[in-house]
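# Structural characterization, general
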Amino acid sequence: MAQDLLSTPLQYVRGVGPKRAADLARAGMQTVEDLLLRFPLRYEDRAAPCDIRNLRPGMTATVTAEVVSSGIRATRRPGFRLFEAIIRDASGGITRAVFPNQAFLKDVFKPEQRVVLYGPLEFRGTGLQFTNPEYELIRADGDDDEGSVHTGRIVPIYEKAGAMTPRMQRALVYRVLRELPATIADPVPEAVRAGRRLPDRAEAIRAVHFPDAGASMEALNALKTPAHQRLIFEEFFLFQAGMVLLKRRHAEDRKPRPVVVDDRIRDAARAILPFKLTEGQRTALREIVADMRREEPMNRLLQGDVGAGKTIVALLAALVAMENGLQVAFMAPTEILADQHYLTIRRLLDRARFRVVSLTGSLTAAKRREIHAEIASGTANLVVGTHALAEADLAFKSLGLVIIDEQHRFGVMQRASLRSKGEHPDVLVMTATPIPRTLALTTYGDLDVSVIRELPPGRQPITTVSKSESKREEIYRLVRKELAAGRQAYVVYPLVEDSEKVDLRAATAMADHLQQEVFQEYAVALLHGRLRQDEKDRVMGAFARGDVQVLVSTTVVEVGVDVPNATVMVVEHAERFGLSQLHQLRGRIGRGAHASTCVLLYQFPLSADAKARLAALVETIDGFVIAERDLEIRGPGDFFGTRQSGMPTLRVGDLLRDHQLMEEARREAVAWLDQPESSQALVAYLSANWAARFGLVGVG
Ligand code: ADP
Ligand code: MG
C-alpha cells in the first residue's frame, strides 16, 4: 500500500493535474517518492507567535490575530489596487497587512475571521505593516482539517517548480504525507539502521518536510538533522551497495583464456620499448598484467596526468594480449587522437609480427568492409579507432583486451557495446582527468585503479601566465622568439556548439591574420573539427613534421596530441574554457626538451568563476590539484559533464558536502553484503531499482 503510494505518478495525486505534474516533472519529480525525497531549500520558523505590540520594523514574525476591517484601496498607479486588512491580536496591538493586486482576498479576510500571518515587517506611512505575508485562516469551529500548514510551525520552503509556488508544493506535500502510513518498507536494513541509530524511513520523511516544533533551525537549514542525515545515508548506502554488487558480479565472470606471460613475451615487450619506463608506469603495467593473468576479467582504470605516458603502458598490455593470440581494440574519443595512436603504435610495433588496423567514421564504405572483414577473421590483431569500434555490425574473432582512452568522453553504452564484442574481455580505461578523491569513490567504485603520478624524466617546466587581450603585441613577440629558436606554437580558439559558426569564423580570420600580418615568414595552418579527414591529417602531419610552425586550432588538439617541439600555446578567450579543459590543452606543450609557456588570453567581462579558473592554472600544473579545484568551482554535477559518464543522479546527497557520509555508507554497504544470508532482500531491491534510481546502467 505504502509502496503503491510512493510509486504513484504525481499526476494522479488529488489536486495535481497534467499541467502541474508537468511542472513537477521538469523539476525532476515524477512520483510521490520523488516529491517526498526532495529536501526543502530551507526552513522558516513560523512557530512562535509574537504579540503585535512587540513588533518592530525589520523583524520577520508570526502573529495570530483577528481581522478588524478590510477593504480595497486604489493607488496612484492606474489599475493597481491594494487589498488591506487591519488586524488585532489578544495583546491589543493593531497592525496592517497589505496585499498588492489581490482584490479577491476581500472574500477571505472578513471581519472577525481569525488568521495567522507570517512575513517581514516594514514601516510605511503611518505605521507598521506586513506586505504580502503568508497567511492561514483559522476555522471558527476548531475543526481545522488542513491543520496549520503554512504558518504556526516551522515550514519548509521549496524551490519553485514552474507554476507550482513554494506554498502550493507545501500544501501538496502535506496532503500526501497524510496518506503515508506510519511505517513503510525501508531499503536500509534494520541492523544497519540500528547500528547507526537512524530514524525510521517514514518518520524521517515527515520530519524533513514538517519538523517538530522543537527542531533546531540551524540543524534544519544545514541539513544536519537526524532525518536529513538518514535520507542522505539511505541514498549513499543504496548507491554504494549497487556499486559493490556490480563489481562482484563482474568478478564472477570467467575469461575463456587468461593470458600467460613467459620470457619470450617479456623479450618482445622489451624490444619495442623506446625508453625506460618510469616507476609509476612499471607499477601500473605490473598491476595490469597481473589482472590479465587472472581468470576474472580486468576492470581497471589507469589514471595519469596529461603526458604521464599512459599510451606505452596500454600498448605493452596490448602486446601481451596479442602474444597470447588475442585481439585488442583501442578506442579513442576523436579521429585525430585515434590516428595519432595508430601511427605511434604502427611505429613501435614496426618489427613485431602483428597487424594493426585503423577504423574510424571517415573510411569509405569499401575500406570499412575490408577492415571489418579483417577484424572478423582475426587477421587484424589490433584495431585502433573511434566510437566506430562500438558499432553493432562489427564483430571480432577473439577480442581479449579493450583499451579505452580518455574514457570520460564515452558513454556507458559505447563502453558496454565494445566490451560485449568479446567473451568477458579485459578492460582497461584510461583518463587524464584526475579523479578527485571525493568523486573516485562514486564514479569508479566498480573499477580497480592504477595511478601514474610522475611525469617521464627530462620534462621542462611549463610557465603559465594569464594576460588581458590588450597585451596581445607582447605575446606575439614572445611567440616570435620561440619560432625564431626553431620551436612551434599552438593558438587555440574556443568552439562551442551554440556559437559554432561565429567561433569558426573567428578562428579562420585569426589564422589569416597571423599568416599575413604577424608571422609572415612562418607557415600558419588552421585545424578544426569541420575539416575533411584527409585535410586534418595533412595539417596535423605538417605540424608534426615541423613544416607548419603555428597551428591555429579549435579544441580538437585538446586531447593526446603529441608534438614535442611545440613550446608555446596561446589560448584565445581563455575565460570561456573549463578548468580541466585548459589543463588538457596545456598538456600539449612541455613535452620535449625545451621550456614551454602557456598564455591564457582573456577578455572582459571576467566572471568570478573564470577568474578562479585562470588563477588555478597559473598557480599549479598538478592535474590532481586542478581537478580538486575544478570540482570546487563547478560542483560535482558538472564535473564530468554528462550523466552518461557515470555520475549518479543524486536526489538528496551531495558528493562534496556529504563526502564523509559517502565513505561511511560504502563501508556499511561492503560489510552488509559480506553477509549473504541477510543481504538477500537488499540485493533484490537493488536489482529492481538501482539502475533507474541512479540513472546508471544496471546492477542486474
Ligand atoms: P598521456 O599519458 O598523456 O597519454 P603519452 O602516452 O601521450 O601521455 O606520453 C606523452 C609523451 O611522453 C610521449 O611523447 C611519450 O612517448 C613520452 N613518454 C612516455 N613515457 C616515457 C618515458 N618513460 N620516458 C620518456 N618519455 C616517455
Ligand atoms: Mg593520452
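Criteria and thresholds
Residues numbered from 1 in each chain as written. Chains lettered and ligands numbered in written order. Predicted model: local features only at pLDDT ≥ 70, side-chain atom pairs only at ≥ 80, totals over all residues. Heavy atoms only, no water. Salt bridge = Lys/Arg side-chain N within 4 Å of Asp/Glu carboxyl O. Buried < 20%, exposed > 50% of the residue type's maximum accessible area, 1.4 Å probe, protein only. Helix = DSSP H or I, 4+ residues; strand = E, 2+ residues; numbered from the N terminus. Near = heavy atom within 4 Å. Polar contact = N/O pair within 3.5 Å; in protein donor to acceptor, adjacent residues only side chain to side chain. Nonpolar A, V, L, I, M, F, W, Y, C, P; charged D, E, K, R; others polar. Domains from an automatic or database assignment. Pairing = 2+ DSSP bridges. Axes fitted to C-alpha atoms, helices over the stretch in contact; angles between N-to-C directions. Contact = heavy atoms within 4.5 Å. Expected span 1.5 Å × (residues − 1). Bend = angle between axes of the 7 residues up to and from the residue. 1 Å grid on protein atoms, 1.4 Å probe; cavity = no way out; pocket = protein on both sides within 12 Å on 5 of 7 lines; lining within 4 Å. Points joined across faces, edges and corners; volume = space filled by probe spheres on them. Phe/Tyr/Trp six-rings, centres within 6.5 Å; stacked < 30°, edge-to-face > 60°. Parallel < 35°, antiparallel > 145°, perpendicular 65-115°, else oblique. Core = buried A, V, L, I, M, F, W, Y, C linked by side-chain atoms within 4.5 Å.

Looking now at the pattern of salt bridges. Pairs can form between side chains of opposite charge once their charged atoms are near each other. Taken as a whole and judged by the stated rule, the model has 46 salt bridges. One salt bridge in this structure joins Arg 42 and Glu 44, with 2.9 Å as the shortest N-O distance. On the accessibility criterion, Glu 44 (14% relative accessible area) is buried. With its nearest N and O atoms 3.1 Å apart, the salt bridge here joins Asp 393 to Arg 368. Remark: Arg 368 occurs in helix H13 (residues 365-377) and Asp 393 occurs in the loop between strand S12 (382-385) and strand S13 (399-404); sequence separation between them is 25 residues. Since its relative accessible area comes to 26%, Arg 368 is described here as partly exposed. Through salt bridges that share partners, Glu 33, Asp 186, Glu 190, Arg 193, Arg 201, Arg 230, Glu 234 and Arg 693 make up one connected network.

In this section: the site of ligand 1. In the vicinity of ligand 1, 16 residues are found, and the nearest of them are Gly 307, Lys 310, Thr 311, Arg 459 and Asp 562. At 2.9 Å, a side-chain N or O of Gln 281 approaches a nitrogen atom of ligand 1. In this structure, an oxygen atom belonging to ligand 1 sits 2.6 Å away from a main-chain N or O atom of Gly 307. Residue composition of the shell around ligand 1, grouped by class: 5 nonpolar, 5 polar and 6 charged.

It is worth spelling out the domain arrangement of the chain at this point. Annotation of the chain at the domain level lists domain 1 (48-152), domain 2 (263-452) and domain 3 (462-620). Its C-alpha centre places domain 1 at a distance of 63 Å from the equivalent point of domain 3.

We now examine the sheet that holds strand S16 (residues 462-468). Taken together, the 6 strands give an open sheet; going across it, the order is S16-S21-S20-S17-S19-S18, and neighbouring strands pair in parallel fashion. Each having just a single partner strand, S16 and strand S18 (524-527) make up the two edges of the open sheet. Each neighbouring strand pair of the sheet contributes to a mean axis angle of 20 degrees, computed without reference to strand direction. By the bridge criterion, 4 bridges tie strand S20 (residues 566-571) to strand S21 (residues 596-602) in an arrangement that is parallel. Among the inter-strand pairings, Val 570 is bridged to a residue of S21, identified as Val 599. Lying over the sheet, helix H20 (residues 608-619) contacts S16 and S21, oriented at roughly 150 degrees with respect to S16.

Before going further, it helps to spend a moment on the sheet that holds strand S14 (residues 426-431). The strand order across the open sheet formed by 7 strands is S11-S12-S10-S13-S14-S9-S15, and the pairing between neighbours is parallel. Each end of this open sheet is capped by a strand with a single partner; those strands are strand S11 (356-359) and strand S15 (448-452). Each neighbouring strand pair of the sheet contributes to a mean axis angle of 20 degrees, computed without reference to strand direction. Summarising the sheet, strand S10 (residues 327-331) and S13 pair through 5 bridges and their orientation is parallel. Bridging from a neighbouring strand, Val 328 pairs with Leu 401 of S13. On the sheet, helix H10 (residues 279-293) packs against strand S9 (299-304), S13, S14 and S15 and is oriented at approximately 155 degrees with respect to S15.

What follows covers helix H24 (residues 680-694). Helix length check: H24, at 15 residues, gives a terminal C-alpha distance of 20 Å against a target of 21 Å (1.5 Å per residue), a fit within 8%. Ala 688 marks where H24 bends most, by close to 45 degrees. Residues of H24 that are buried sit in contact with helix H6 (201-209), helix H8 (226-252) and helix H23 (659-673). Gly 695 lies just past H24 and shows a positive phi near 65 degrees.

On to the layout of surface pockets. A volume near 710 Å³ is recorded for the second largest pocket. Considering the residues around the second largest pocket, the lining is formed by 27 residues, among which Gly 28, Thr 31, Asp 34, Arg 651 and Arg 693 are closest to the centre. Among the residues forming the lining of the second largest pocket, the class breakdown is 12 nonpolar, 7 polar and 8 charged.

The tally for this structure, following the rule as stated, stands at 11 aromatic pairs. Taking the centre distance of 5.0 Å and the plane angle of 55 degrees together, the rings of Tyr 490 and Phe 543 count as tilted. One end of the pair, Tyr 490, is in strand S17 (residues 488-492); the other, Phe 543, is in helix H18 (residues 533-545), and 53 residues separate them in sequence. In this structure, Tyr 490 and Phe 543 share a single accessibility class: buried.

Let's shift gears to the packing of helix H19 (residues 579-586) against helix H21 (residues 623-634). Running from N to C, H19 and H21 point in directions that differ by 155 degrees, and their axes come no closer than 9 Å. Relative to H21, H19 is oriented roughly antiparallel. When H19 is examined against H21, the residues Leu 579, Ser 580, His 583 and Arg 586 are found in contact with a partner set consisting of Gly 623, Ile 626, Arg 629, Asp 630, Ile 633 and Arg 634. For the contact of H19 with H21, a count of residues per class yields 3 nonpolar, 3 polar and 4 charged.

One finds Leu 36, Leu 180 and Phe 237 to be the most contacted residues of the largest nonpolar core, which totals 61 residues. No other element matches H8, which puts 13 residues into this core. Ignoring sequence-local partners within four residues, the contact set of Leu 180 consists of Leu 5, Leu 6, Leu 36, Ala 202, Ile 205 and Arg 206.

All right, on to the pairing of strand S5 (residues 114-124) then. Where strand S2 (residues 60-74) and S5 come together, 7 bridges link them in antiparallel fashion. What sits directly across from Ala 65, in S5, is Val 115. Judged from the 5 bridges that link them, S5 and strand S7 (residues 134-138) form a sheet pairing that is antiparallel. Bridge pairing in S7 places Val 115 opposite Leu 137. Where S5 folds back on strand S6 (residues 127-131), the antiparallel hairpin that results is connected by 2 residues, among which Gly 125 adopts a positive phi of roughly 55 degrees.

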